[in-house]
Amino acid sequence: MFYRFGRDRPQPFLEAIGNPRRDAADAREMEEGRVLQEEYRAQVRKAAEEQAAKKAVEAAREAARREELRGRTLAGGAMLVGDR
């Protein structure tokens, strides 16, 4: 273990001397992880938007069906035969 100036803890030898190739590989891995996370978030956002659109269409369809049934009722409030 090595103590380095400006560090708050002892470090293993390889970490203390540094390794530019490892640092570059770690940076690439972090970037790939960030890109994958952004893609996943975009996929989740798109799925949520599609689900909301589908729900809105279903609500509009249900409202139209109710309006149609309301128009079919008789003056006394009874529904025509076959309407349920």
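Conventions we followed
Residues numbered from 1 in each chain as written. Predicted model: local features only at pLDDT ≥ 70, side-chain atom pairs only at ≥ 80, totals over all residues. Heavy atoms only, no water. Helix = DSSP H or I, 4+ residues; strand = E, 2+ residues; numbered from the N terminus. Buried < 20%, exposed > 50% of the residue type's maximum accessible area, 1.4 Å probe, protein only. Areas by Shrake-Rupley, 256 points an atom, 1.4 Å probe, with all protein chains shown as cover. Salt bridge = Lys/Arg side-chain N within 4 Å of Asp/Glu carboxyl O. Expected span 1.5 Å × (residues − 1). Polar contact = N/O pair within 3.5 Å; in protein donor to acceptor, adjacent residues only side chain to side chain. Patch = residues over 30% accessible without salt bridge, like charges linked within 9 Å, V, L, I, M, F, W, Y side chains within 5 Å.

Chemist: Residues and numbers for the overall build of the chain, please.
Modeler: Helix and strand content of the chain: two helices and zero strands. Across the 84 residues that make up the chain, the buried fraction comes to 5%. Of the accessible surface of the chain, which amounts to about 8,000 Å², a share of 56% is contributed by carbon and sulfur atoms.

Chemist: Requested: an account of the pattern of salt bridges, with residues and values cited.
Modeler: Within the structure shown, the criterion is met by seven salt bridges. One salt bridge in this structure joins Arg41 and Glu38, with 3.6 Å as the shortest N-O distance. With Arg41 and Glu38 both in helix 2 (residues 20–72), this residue pair falls three residues apart, about one helical turn. The exposure class assigned to Glu38 is partly exposed, which follows from its relative accessible area of 38%. Residue Arg65 is joined to Glu62 by a salt bridge in which the shortest nitrogen-to-oxygen separation is 2.7 Å.

Chemist: Tell me what's going on with helix 2, and back it up with residues and numbers.
Modeler: With 53 residues, helix 2 extends 78 Å between its outermost C-alpha atoms, agreeing within 8% with the 78 Å of an ideal straight helix rising 1.5 Å per residue. The backbone nitrogen of Arg21 has a side-chain oxygen 3.1 Å away, supplied by the residue at the start of helix 2, namely Asn19.

Chemist: Describe a nonpolar patch on the surface, naming the residues involved and giving the relevant values.
Modeler: On the surface, Phe2, Phe13, Leu14 and Ile17 cluster together into a nonpolar patch covering about 430 Å² of accessible area. As for its position among the elements, Phe13 is in helix 1 (residues 13–17). With a relative accessible area of 46%, Phe13 lands in the partly exposed category.

The values are spatial; any link to function lies outside them.
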